[in-house]
Amino acid sequence: MGSHLPPYGTESPYLDGQVLVAMPGMMDERFARSVIYVCAHSSEGAMGIVLNRPAANLNMPDLLVQLEILPETDRIRLPRRVGSMQVLMGGPVETSRGFVLHSPDFHLAQSTLPIDDSVCLTATIDILRAIAAGRGPENAVLALGYAGWGAGQLELELQANGWLNCPADAELIFNTAADLRYEMALRRIGIEPAMLSMETGHA
């Protein structure tokens, strides 16, 4: 019997498909109180999308017009759910690129990365064209930029208690208001947010 871990079993040391929740001791101010969905994690590093930083003064119809996917005159014809799609600041890396987290009912060959049973990632302009045409996924959030870690960096931050993690689900990603995701994720881990804020400052 070898002692090799199954590549994607419950024993996997990697956190793709999990949510990271920043602890009060998080030293990097860019990630204070952040909730990050881990899209990819391997021995080479990790990338994820910050779920609880809405883009200020920017909505999906604005973005589609800015990117010239949609003429200004057509924005009134957009499906209503496109108007309510969230636009997030996904992290400090490549902030001019769009990353769409979406339900698995939409797939582009060579472009869509299934992360788990309920969430996929597509980072090409084609998904935005499909959304504008009403052919996009049932559920989607668009993030500008992402959070990235080099080899072993996320593991070190976890050991230093910078993050807690828990399994993600579609409800948290697609159907929860951005400003409620931090508290909701903490509760899923079993932490009452009020207790956490009381404990900060007691080093």
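Nothing here was measured: the structure is a model prediction, and the numbers come from that model.

So, how was this worked out
Residue positions are given per chain, counting from 1 as you read along its sequence in written order. A pLDDT threshold of at least 70 governs which residues receive local features in this predicted model, and a stricter bar of 80 or more applies before side-chain atom pairs are shown or counted, although totals over entire chains, interfaces and linings include all residues. With hydrogens and water excluded, all non-hydrogen atoms of the structure serve as input to the side-chain values. Helix and strand labels come from DSSP, where a helix needs a run of H or I of at least four residues and a strand needs a run of E of at least two; each type is numbered from the N terminus. For the radius of gyration, the atoms used are the C-alpha atoms, and the globule rule reads 2.2 Å times the number of residues raised to 0.38. For the exposure calls, accessible area comes from a 1.4 Å probe over protein chains only, and a residue counts as buried if that area is under 20% of its type's maximum, exposed if over 50%, partly exposed in between. In what follows, residue pairs with any heavy atoms lying within 4.5 Å of each other are defined as contacts. Only the protein chains shown count as cover for residues, with accessible areas throughout obtained via the Shrake-Rupley method and a probe of 1.4 Å. Pairing between strands is defined by DSSP: at least two bridges between them are needed. Nonpolar cores are built from buried Ala, Val, Leu, Ile, Met, Phe, Trp, Tyr and Cys residues. Side-chain atoms within 4.5 Å join them into one set. Criterion for a disulfide: a pair of cysteine sulfur atoms within 2.5 Å. Note on aromatic contacts: the rings of Phe and Tyr and the six-membered ring of Trp form a pair at centre separations within 6.5 Å, being stacked when their planes are under 30 degrees apart, edge-to-face when over 60 apart, and tilted otherwise.

So, the overall build of the protein
And then number 1: Looking only at helices and strands, the protein has seven helices and nine strands in total.
And then number 2: Here the C-alpha atoms of the protein give a radius of gyration of 18 Å, agreeing with the 17 Å that 2.2 N^0.38 yields for 203 residues.
And then number 3: Once the C-alpha set of the protein is aligned to its principal axes, its extents read approximately 55 × 50 × 25 Å.
And then number 4: When burial is assessed residue by residue, the protein has 42% of its 203 residues classed as buried.
And then number 5: A separation threshold of at least 6 residues defines the contact pool for the protein, and within that pool the share at least 24 residues apart is 66%.
And then number 6: About 11,200 Å² of surface is accessible on the protein, with carbon and sulfur atoms providing 52% of the total.

So, the pairing of strand S8 (residues 140-149)
And then number 1: By the criterion of burial, S8 is predominantly enclosed, with nine of the ten residues buried.
And then number 2: Across three bridges, strand S3 (residues 45-50) lies against S8 in antiparallel orientation. Bridge assignment links Met 47 to a residue of S8, and that residue is Gly 148.
And then number 3: Bridge count between strand S4 (residues 86-89) and S8: four bridges; the pairing is parallel.

Observations regarding the nonpolar core
And then number 1: Counting 29 residues, the largest nonpolar core has Val 19, Tyr 37, Cys 39, Ile 49, Leu 101 and Ile 173 as its most contacted members.
And then number 2: Secondary structure elements with two or more residues in this core: strand S1 (18-22), strand S2 (35-42), S3, strand S5 (93-102), S8, helix H5 (170-174) and helix H6 (181-189).
And then number 3: The element best represented in this core is H6, accounting for four residues.
And then number 4: The residues touching Val 19, leaving out its near neighbours within four places in the chain, are Val 35, Ile 36, Tyr 37, Leu 164, Asn 165, Cys 166, Pro 167, Ala 168, Leu 172 and Ala 185.

So, the state of the cysteines
And then number 1: Tallied over the entire structure, the rule returns zero disulfides.
And then number 2: Left without a disulfide partner, Cys 39 is nearest to the cysteine sulfur of Cys 120, which lies 11 Å away.
And then number 3: Between Cys 166, a cysteine without a disulfide, and Cys 39, which holds the nearest cysteine sulfur, the sulfur-to-sulfur distance is 15 Å.

Here's the deal with the packing of aromatic side chains
And then number 1: For the structure shown, the criterion picks out three aromatic pairs.
And then number 2: Between the aromatic rings of Phe 99 and Tyr 146, the centroid separation amounts to 5.3 Å while the plane-to-plane angle is 75 degrees, which identifies the pairing as edge-to-face. In this pair, Phe 99 is assigned in strand S5 and Tyr 146 in strand S8, connecting sequence segments 47 residues apart. Summarising the burial analysis for this pair, Phe 99 and Tyr 146 share the class buried.

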